[in-house]
Amino acid sequence: MRIDVYTPLLLSLLLAFVSPQVGLRLAPAPAARALTAAAVLAAGATTWALVLLTVTLVDEAPPVVADAREDGRVLPDPVPEVVALAALAVLAVAACRVLRAVRAERATRRTLRRLCEGHPDGTELVVAASPTAQAFAVPGTPGRILVTSAMLAALRPAERRVLLAHERAHLAHRHSLLVHAVTLAAAANPLLVPVRTTVAYLVERWADEQAATAVGDRRTTAQALARAALVAHRPGCALHFSDRAVTRRVAALQTATPPHLRPIAAAVLALGVLPALGAADATGDLLQLLGSALT
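Residues numbered from 1 in each chain as written. Predicted model: local features only at pLDDT ≥ 70, side-chain atom pairs only at ≥ 80, totals over all residues. Heavy atoms only, no water.

Asks: Sorry, what's going on with the packing of helix α2 (residues 28–55) against helix α8 (residues 193–215) here?
Replies: A packed helix pair is summarised by two numbers, namely the angle formed by the two axes and the spacing between the axes. Where α2 meets α8, the closest approach of the two axes is 8 Å, and the angle between their N-to-C directions is 155°. Considering their axes alone, α2 and α8 lie roughly antiparallel with respect to each other. Regarding α2 and α8, the two cross each other, and that crossing is left-handed. Contacts between α2 and α8 involve Pro-28, Ala-29, Ala-31, Ala-32, Arg-33, Leu-35, Thr-36 and Ala-39 on the former and, on the latter, Val-195, Thr-198, Val-199, Leu-202, Val-203, Arg-205, Trp-206 and Glu-209. Taken together, the residues of the contact of α2 with α8 break down into 11 nonpolar, 2 polar and 3 charged. (Axes fitted to C-alpha atoms, helices over the stretch in contact; angles between N-to-C directions. Helix = DSSP H or I, 4+ residues; strand = E, 2+ residues; numbered from the N terminus. Parallel < 35°, antiparallel > 145°, perpendicular 65-115°, else oblique. Left-handed = near helix turned anticlockwise from the far one by under 90°. Contact = heavy atoms within 4.5 Å. Nonpolar A, V, L, I, M, F, W, Y, C, P; charged D, E, K, R; others polar.)

So, in structure tokens, the structure goes:
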């Protein structure tokens, strides 16, 4: 346990380090799926490793120590007490971060759904009168596309088709679930924040490629992205833009789509599975230590 319990943290660092390169070298769809799955597994393994470290504090409880002394047993000390206390503190902070992330997601969804209220159930497109250019895919049954009048006014007819195809791709492929899952993983394990950033970018690239296929014109798609970025007044408004992200996305549409390299996707998934295996080994080691102390 002295080594295995720390492997989820080390492998989380490695996953965070390689995630930007995975986003560049692998097609958006498999890259987003593989990174999200790996991040969720790594976050779960890290959380369990913290629990294991915290559990070692049990042998420091006065009743446990007294019973052990009466029986003449020596309690195992798999990790220093200061490490266990630090793990407890980190675990508490992680729980608060996850709770805040869940509340933020629920609040955002409530706000978007409230803006769509009053329209018939079969309405896909909801136009909101606003001077700010924005566009959102609103998950639900059915999902809806919320666009402001300023956004529609800024785009040409062909570019509007790109916009709608982009948001339809978000709904069809349930991108919100991927983003929410990796957001929770990064909340539980802040080492995974770079992975969250990469996945957020990849789902936008994924929708860009779907839009380009739907309209049959990559150049028009790139123009629509660039125009939407110009009329947006703050980062994240239109199609989830920021200056740096939109530049990369427009440039990506002017080149061929990266290949679907299964070995890379498998390697990414392995970076999620290995931390889980390390946490499982640490669990077995701790149970063995406790069992030997009690016999």
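Still more ground to cover, so stick around.
Asks: Explanation requested: the packing of helix α6 (residues 157–172) against α8 in the structure shown.
Replies: Between α6 and α8, the shortest axis-to-axis distance is 8 Å and the interhelical angle comes to 125°. The angle between α6 and α8 places the two elements in the oblique class. The two elements α6 and α8 cross, and the hand of that crossing is right-handed. Together, Arg-161, Val-162, Ala-165, His-166, Ala-169 and His-170 of α6 and Val-203, Glu-204, Ala-207, Asp-208, Gln-210, Ala-211, Ala-214 and Val-215 of α8 make up the contact between the two elements. Residue classes in the contact of α6 with α8 are distributed as 8 nonpolar, 3 polar and 3 charged.

Asks: Help me understand the pairing of strand β3 (residues 144–148) in this model?
Replies: Look at any regular strand and the pattern is simple: side chains alternate between the two faces of the sheet. With 5 of 5 residues buried, β3 lies mostly within the body of the structure. With burial as the criterion, each face of β3 is covered, one bearing Arg-144, Leu-146 and Thr-148 and the other bearing Ile-145 and Val-147. Across 4 bridges, the pairing between strand β1 (residues 125–128) and β3 is parallel. Directly across from Ala-128, in β3, lies its bridge partner Thr-148. Bridge count for strand β2 (residues 135–138) against β3 is 4 bridges, and the pairing is antiparallel. The residue of β3 that forms the bridge with Phe-136 is Leu-146. Linkage of β2 to β3, two consecutive antiparallel strands, is achieved through a turn of 5 residues, within which Gly-140 is found at a positive phi near 160°. (Buried < 20%, exposed > 50% of the residue type's maximum accessible area, 1.4 Å probe, protein only. Pairing = 2+ DSSP bridges.)

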